[in-house]
There are 2 protein chains.
Amino acid sequence: MLRMIQESPLYKISNPDSIAFFGASNNFDSMGSHLMASPLALGFKGPIYPIHPKEERIMNLKAYRSILDLPETPDLAVIVLPAGIVCRTLEECGQKGIRHAIVISGGFKEVGGSGTELEKKLLEVADKYGIRFIGPNCIGVSNQRHRINTTPLPYQNVPGFIGMASQSGSFITQIYNHLHNLNLGFSTAFSVGNEANIDIVDCMEYFKACPHTKVIALYIESIRRGREFLKVARKIVPHKPIVALYPGGTEEGRKAGLSHTGAMAGPDPLYNGIFQQGGVIRAKSVTELFDFCLVLGNALRPAGNRVVIQTGAGGPGATAADACGRAGLKLPNLSPETIEKLAPLTPDTASINNPVDFTFHRGHMDFYRIVPRILLEDENTDVLLIYFLLPLEMVERLIGNSGVLGEHIHEEAIKFIEGQCREVGDMVEESGKPVVGYTFLDPNELFVRRLLELGVPVLPGSERAARALGAMVRYTELRKKILSDQ
Amino acid sequence: MLRMIQESPLYKISNPDSIAFFGASNNFDSMGSHLMASPLALGFKGPIYPIHPKEERIMNLKAYRSILDLPETPDLAVIVLPAGIVCRTLEECGQKGIRHAIVISGGFKEVGGSGTELEKKLLEVADKYGIRFIGPNCIGVSNQRHRINTTPLPYQNVPGFIGMASQSGSFITQIYNHLHNLNLGFSTAFSVGNEANIDIVDCMEYFKACPHTKVIALYIESIRRGREFLKVARKIVPHKPIVALYPGGTEEGRKAGLSHTGAMAGPDPLYNGIFQQGGVIRAKSVTELFDFCLVLGNALRPAGNRVVIQTGAGGPGATAADACGRAGLKLPNLSPETIEKLAPLTPDTASINNPVDFTFHRGHMDFYRIVPRILLEDENTDVLLIYFLLPLEMVERLIGNSGVLGEHIHEEAIKFIEGQCREVGDMVEESGKPVVGYTFLDPNELFVRRLLELGVPVLPGSERAARALGAMVRYTELRKKILSDQ
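Residues numbered from 1 in each chain as written. Chains lettered and ligands numbered in written order. Predicted model: local features only at pLDDT ≥ 70, side-chain atom pairs only at ≥ 80, totals over all residues. Heavy atoms only, no water.

A.B. asks: Please explain the side chain of Asp378 of chain A as it appears in this structure.
C.D. replies: Residue and element names in this part refer to chain A. Positionally, Asp378 belongs in the loop between α14 (364-377) and β18 (383-387). Despite being buried, Asp378 has no salt bridge partner; Lys433 is the closest side chain of opposite charge, sitting 6.6 Å away. With near-sequence residues (within four places) excluded, Asp378 lies in contact with Leu334, Ser335, Thr338 and Lys433. (Helix = DSSP H or I, 4+ residues; strand = E, 2+ residues; numbered from the N terminus. Buried < 20%, exposed > 50% of the residue type's maximum accessible area, 1.4 Å probe, protein only. Lys, Arg positive; Asp, Glu negative; His and termini not counted. Salt bridge = Lys/Arg side-chain N within 4 Å of Asp/Glu carboxyl O. Contact = heavy atoms within 4.5 Å.)

Put into structure tokens, the structure is as follows:
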């Protein structure tokens with residue numbers, strides 16, 4: 001394992017001070033141009049040197065005929081050229097003294113035949129000069145804190161706590177919207193492509209050492225170094241959770257993975273075994289992968305699998321209870337003390353069972369501050385799951401009807417909702433036990449948005465919330481197991 | 001079955017010309033006030049008569065001391081009063097000649113004991129005057145086309161094609177955001193509460209006759225008239241799909257349902273049997289319920305379960321293939337003719353298997369017009385599943401970099417995306433086979449929004465899309481089975 005993050009070959013790849021860029025041009029719809037536009041759009045702070053045989057300037061930057069002409073040796077080379085000239089280019093990078101590269105180009109091992117030969121040659125060149133590179137057949141790296149993004153899509157998120165290593169570039173670049181809606185972002189994300197020189201295990205070691213990474217997310221079509229994967233995972237899991245999406249669980253997924261990365265996927269039970277032994281939580285979909293990260297990165301570890309559900313409506317309570325049941329969670333009875341404490345706060349029509357259903361509640365303060373604290377004090381509660389509902393439009397209508405004048409309605413409504421969010425945020429912070437929310441509101445509804453910004457994990461729908469709770473419980477169990485083996 | 005929709009007791013309940021409203025006041029945060037604010041906000045066209053013992057005016061409307069004072073007999077009474085005075089109120093409504101009511105008030109059978117007695121008495125009053133009512137313990141109705149909404153939340157959606165009957169009010173009123181994000185709306189939605197006088201089966205008959213309803217959605221904690229449910233479902237399913245969410249599949253869900261509506265839920269296999277025999281598609285979550293409605297309401301019926309996946313990226317292809325596998329779908333090989341037709345359009349790095357992966361595609365026209373048409377012509381294709389990705393911000397950056405001036409960039413980007421949407425829309429319309437999309441973009445991204453508005457079902461993530469395809473295939477099979485029995 002690394003003693004310092006700077007020892008990782010991935011450090012300079014994701015935190016370079018300067019970049020040489022091969023393949024951008026004044027054809028703005030070429031892959032290379034798309035990619036170089038991304039760090040420029042983010043405001044990358046160091047120099048970017050486009051290398052091009054003919055152009056004088058590209059995207060307002062001075063272009064160079066050859067890497068050998070540069071005024072300095074850049075930390076990183078990004079190569080987006082046809083496969084046939086990649087080896088020669090890397091050779092010149094080596095001559096210039098460059099020791100880190102991202103090889104975006106496809107046409108190597110994943111196409112078989114001469115592509116496999118080409119990849120072997122690429123490795124030889126890298127070894128000759130001591131160059132470490134990710135790829136080929138990848139889309140590189142995204143590290144918002146360092147304002148670097150070599151992927152074709154504009155990066156739209158806050159810097160976050162997910163360290164992602166992916167055998168599909170799509171899942172570090174085509175899911176920005178999806179992450180935004182959960183207020184998630186990457187600490188750093190790597191698209192590892194064919195993993196010729198640097199693989200997923202290297203990324204995991206990097207994230208173990210990365211101070212911004214709280215959870216590690218993996219998209220895996222095939223594990224190439226099984227033994228090392230296991231060893232490294234078991235070292236990481238006591239400190240940080242690892243969630244992995246492996247789509248080879250069905251014949252259909254396995255065949256698709258084979259044609260994508262050219263790697264042989266193993267049978268499902270084999271991968272399940274590796275994940276289980278390594279303490280890795282398995283996700284079954286992209287949605288689960290990031291839902292699990294949201295909850296594992298934000299909430300405390302539960303002591304057990306007993307969930308108390310607090311709701312203001314029967315249907316959402318019943319579906320959450322059902323989803324919890326399917327996720328292997330238990331709904332304990334409330335203790336007599338809890339029922340006694342709740343009684344004076346409870347409307348006639350409300351139910352003091354679990355789910356605790358306050359029906360169409362009136363006292364918001366009770367609902368978001370007092371009641372959850374009582375439920376969290378119950379010794380039978382390992383996790384509190386709360387249904388959230390407070391749409392801006394309803395609050396505005398209410399405030400408008402109460403006589404507040406037109407121009408102030410919106411302002412007052414926002415103030416009210418932000419107050420409620422602070423109540424919830426304080427309650428969660430002081431809870432000592434994990435609290436997770438669910439809602440059917442839009443993730444961009446003020447109430448939901450603010451809660452997410454305050455670090456309260458709120459998921460869309462009871463099923464997603466229950467499955468994420470299941471992942472939390474599973475992580476706690478796997479972690480305990482690994483710790484007890486040591 | 002009804003010969004005309006006007007014969008249904010639910011017709012005047014959801015299409016009244018005038019309403020008497022009990023329980024609204026100048027306390028704007030009372031349940032009754034919340035509810036009366038809703039039809040007012042929607043611009044309900046007929047008169048609304050608030051009845052109140054003391055107030056002169058409520059929300060700018062003249063208030064009446066008694067229903068007997070009204071200048072006319074309203075079509076509908078909405079009652080949001082304490083349980084103890086509901087019977088007396090309904091009696092007066094009967095005297096006034098009112099024949100339809102919504103009883104929102106809780107405190108009846110669902111609380112047991114004297115509540116059960118009270119509900120019996122309520123029924124007797126109704127029978128005495130020939131009054132048909134929904135509730136008690138419900139939140140009424142939502143019918144955007146008639147500008148009526150008696151639920152506490154503002155209705156925010158377009159009028160849609162889902163006929164919803166729900167044993168939880170939440171699922172007709174707290175999911176407007178969720179529906180909006182799928183561009184869905186209700187034809188009409190009923191919260192049926194305790195079903196004392198009108199039940200879910202009555203709603204199903206209504207929706208069978210309703211010309212705006214293309215799909216029927218049910219939230220069921222308990223079926224009270226099993227035999228009639230089955231009979232009516234089997235009459236409907238050849239014409240319209242029915243999707244039902246039943247949360248009693250686990251011990252946890254069953255217990256929660258019991259405390260919510262006070263009805264005994266049956267064991268899971270019993271309900272599965274009823275749904276299967278009735279041709280009803282079972283959803284396992286609120287998300288599935290409406291995803292299935294989106295696809296069943298928009299797409300054609302598939303001839304079988306063979307799915308061809310078209311993608312521009314390997315990872316989304318592999319996860320979709322895996323999700324299809326788990327949903328019981330098959331990924332056929334493409335025919336040699338199809339492969340021959342695609343060859344000239346295919347980039348070097350692309351794969352002509354299934355999923356058909358065009359990698360980071362350049363020719364958008366090919367991708368959205370020519371390629372899908374070729375795939376749909378393949379006799380092995382029953383359903384086409386397409387991965388959609390075209391974020392506005394990326395298109396703007398591209399257009400900006402190509403030299404278009406600042407002020408025109410946004411406009412040109414929108415024009416471009418709308419052009420692409422029309423291509424897709426035309427392709428889907430001419431397809432003759434079902435086409436479903438998936439994406440990780442936000443549902444409010446222009447590209448996704450417009451596709452949904454054009455009636456192209458696009459779901460967030462491959463797993464949700466695959467499960468909805470599974471529901472389509474299942475509906476086709478169940479429908480065939482019922483037709484062959486007749």
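A.B. asks: I tried to follow the pairing of strand β12 (residues 215-219) of chain A on my own but got confused; where do I start?
C.D. replies: For a regular strand, side chains alternate in direction, first toward one face of the sheet and then toward the other. Residues and elements named next belong to chain A. Counting buried residues in β12 gives five out of five residues, a clear majority hidden from the surface. Along β12, one buried face is formed by Val215, Ala217 and Tyr219 and the opposite face, lined by Ile216 and Leu218, is buried too. Bridge count for strand β10 (residues 162-166) against β12 is five bridges, and the pairing is parallel. Looking at β12, one finds that Ala165 is bridged to Leu218. The pairing of β12 with strand β13 (residues 242-245) spans four bridges and is classified as parallel. (Pairing = 2+ DSSP bridges.)

A.B. asks: For this particular structure, what's the right way to read the sheet that holds strand β5 (residues 76-79) of chain A?
C.D. replies: Sheets are built from strands that pair by backbone hydrogen bonding, the pairs being arranged parallel or antiparallel. All names here are of chain A. Across the sheet, which stays open at both edges, the five strands sit in the order β2-β1-β5-β6-β7 with parallel pairing between neighbours. Each edge of the sheet is formed by a strand with only one pairing partner; in this case those strands are β2 (48-51) and β7 (132-134). With direction set aside, neighbouring strand axes in the sheet form an average angle of 20 degrees. Note that strand β6 (residues 100-103) and β7 share three bridges and pair parallel. Looking at β7, one finds that Ala101 is bridged to Phe133. Packing of helix α3 (residues 86-96) onto the sheet brings it into contact with β1 (19-22), β5 and β6, and relative to β5 it is tilted by some 170 degrees. (Axes fitted to C-alpha atoms, helices over the stretch in contact; angles between N-to-C directions.)

A.B. asks: Please clarify how the confidence of the model for chain A should be interpreted in this entry.
C.D. replies: Any residue range with low pLDDT should be treated as having predicted coordinates unsuitable for detailed reading. The predicted model of chain A averages 92 in pLDDT, with 96% of residues at 70 or higher. Scoring the predicted complex yields pTM 0.94 and, for the interface, ipTM 0.92. (pLDDT = per-residue confidence, 0-100.)

A.B. asks: So what exactly am I meant to see when it comes to unusual backbone geometry here?
C.D. replies: With the exception of glycine, the majority of residues adopt a negative phi angle, and the majority of peptide bonds are in the trans configuration. Of note, the bond from Gly135 of chain A into Pro136 of chain A is cis; its omega dihedral lies within 30 degrees of zero at -5 degrees. The topology assignment puts Pro136 of chain A in the loop between β7 and β8 (140-143). In this structure, Pro355 of chain B follows Asn354 of chain B across a cis peptide bond, with omega equal to 5 degrees. Within the fold, Pro355 of chain B resides in the loop between β16 (351-352) and β17 (356-357). The backbone of Met59 of chain B shows a phi angle near 45 degrees, a positive value even though the residue is not glycine. Summarising the element assignment, Met59 of chain B is placed in the loop between β3 (57-58) and β4 (61-62). Met59 of chain B sits in the buried class, given a relative accessible area of 17%. One non-glycine residue, Asn60 of chain B, lies in positive phi territory at about 70 degrees. Examined against the element boundaries, Asn60 of chain B turns out to sit in the loop between β3 and β4.

A.B. asks: When you look at the pattern of salt bridges in this model, what are you seeing that I'm missing?
C.D. replies: Two side chains bearing opposite charge may form a pair once their charged atoms approach each other closely. Scanning the model with the defined rule gives 50 salt bridges over all chains in all. One salt bridge connects Asp382 of chain A with Arg306 of chain A, and the closest N-O pair in it is separated by 2.9 Å. Taken as a pair, Asp382 of chain A in the loop between α14 and β18 and Arg306 of chain A in the loop between α11 (286-298) and β15 (307-311) lie far apart in primary sequence, 76 residues in all. Here the residues in one salt-bridge network are Glu288, Asp322, Arg326, Glu463 and Arg467 of chain A together with Glu288, Asp322, Arg326, Glu463 and Arg467 of chain B, joined through shared partners.

A.B. asks: What is the right way to look at the relation of the copies chain B and chain A in this model?
C.D. replies: Applying a rotation about an axis and a shift along it to one chain copy brings it onto the other copy. Take chain B, turn it by 180 degrees, move it 0.0 Å along the axis, and it overlays chain A with an RMSD of 0.0 Å. Taken together, the turn and the small shift mark the pair as related by a two-fold rotation axis. A symmetric contact is evident, with 100% of the interface residues of chain B recurring at the interface of chain A. (Least-squares fit on C-alpha atoms with pLDDT ≥ 70 in both.)

A.B. asks: In this structure, what is going on with the interface of chain B and chain A? I would like to understand it.
C.D. replies: Where the parts come together, the accessible area they lose is often given as the size of the interface. Listed by partner, the interface residues are 75 residues for chain B and 75 residues for chain A. Interface area for chain B against chain A, summed over the two sides, is near 6,300 Å², with a carbon-plus-sulfur share of 59%. Area buried by chain B at its contact with chain A is led by Glu252, Arg397 and Phe440 of chain B, which between them contribute 12% of it. Scanning the region where chain B abuts chain A turns up four salt bridges. Seen at the junction of chain B and chain A, the total is 21 residue pairs in polar contact (both at pLDDT 80 or more). Mapped onto the side of chain B that touches chain A, the elements with two or more residues apiece are α2 (31-42), α5 (170-173), α6 (176-180), α9 (251-261), α12 (314-326), α15 (392-401) and α18 (462-485) of chain B. Counting residues per element, the side of chain B that touches chain A draws most heavily on α12 of chain B, which supplies 10 residues. For the side of chain B that touches chain A, a count of residues per class yields 31 nonpolar, 30 polar and 14 charged. (Buried area = accessible area lost by both parts, 1.4 Å probe. Polar contact = N/O pair within 3.5 Å; in protein donor to acceptor, adjacent residues only side chain to side chain. Nonpolar A, V, L, I, M, F, W, Y, C, P; charged D, E, K, R; others polar.)

A.B. asks: Explanation requested: the packing of aromatic side chains in the structure shown.
C.D. replies: Aromatic ring pairs are reported here in terms of the distance separating the ring centres and the angle at which the planes meet. Scanning the model with the defined rule gives 33 aromatic pairs over all chains in all. Between Tyr368 of chain A and Phe447 of chain A, the ring centres sit 5.6 Å apart and the planes meet at 50 degrees, which makes this aromatic pair tilted. Linking Tyr368 of chain A in helix α14 with Phe447 of chain A in helix α17 (residues 446-453), this pair joins segments that are 79 residues apart in sequence. Each member of the pair Tyr368 of chain A and Phe447 of chain A is classed as buried. Look at Phe190 of chain B and Phe207 of chain B: their rings are 5.7 Å apart centre to centre, the planes differ by 40 degrees, and that puts the pair in the tilted class. Of this pair, Phe190 of chain B sits in strand β11 (residues 186-191) while Phe207 of chain B sits in helix α7 (residues 200-209); the two residues are 17 residues apart in sequence, bridging distant segments of the chain. With respect to burial, Phe190 of chain B and Phe207 of chain B carry one shared label: buried. (Phe/Tyr/Trp six-rings, centres within 6.5 Å; stacked < 30°, edge-to-face > 60°.)

A.B. asks: Where do I start with helix α4 (residues 114-129) of chain A in this structure?
C.D. replies: Along an α-helix, a turn takes 3.6 residues, which lines up residues three or four apart on a common side. Residue and element names in this part refer to chain A. Between its first and last C-alpha, α4 extends 23 Å over 16 residues, near the 22 Å set by a 1.5 Å rise per residue. Restricting attention to buried positions, one finds in α4 the residues Gly115, Glu119, Leu122, Val125, Ala126 and Tyr129. Mapping the buried residues of α4 onto a view down its axis gives an arc of 120 degrees, with all of them on the same face. In α4, the exposed positions angled more than 90 degrees off the buried face are occupied by Lys120, Asp127 and Lys128. (Expected span 1.5 Å × (residues − 1). Arc of directions from axis to C-beta.)

A.B. asks: Looking at this model, I keep getting lost on the sheet that holds strand β5 (residues 76-79) of chain B. Mind explaining?
C.D. replies: Residue and element names in this part refer to chain B. Taken in spatial order, the five strands of this open sheet run β2-β1-β5-β6-β7, and their pairing is parallel. Each end of this open sheet is capped by a strand with a single partner; those strands are β2 (48-51) and β7 (132-134). Strand-to-strand twist in this sheet, taken as the mean axis angle between neighbours without regard to direction, amounts to 20 degrees. Pairing between strand β1 (residues 19-22) and β5: four bridges, direction parallel. Within β5, the position partnered with Phe21 by the bridge is Val78. Along the sheet, α2 contacts β1 and β2; its crossing angle with β2, the most-contacted strand, is approximately 170 degrees. Contacting β1, β5 and β6 (100-103), helix α3 (residues 86-96) runs over the sheet at an angle of about 170 degrees to β5.

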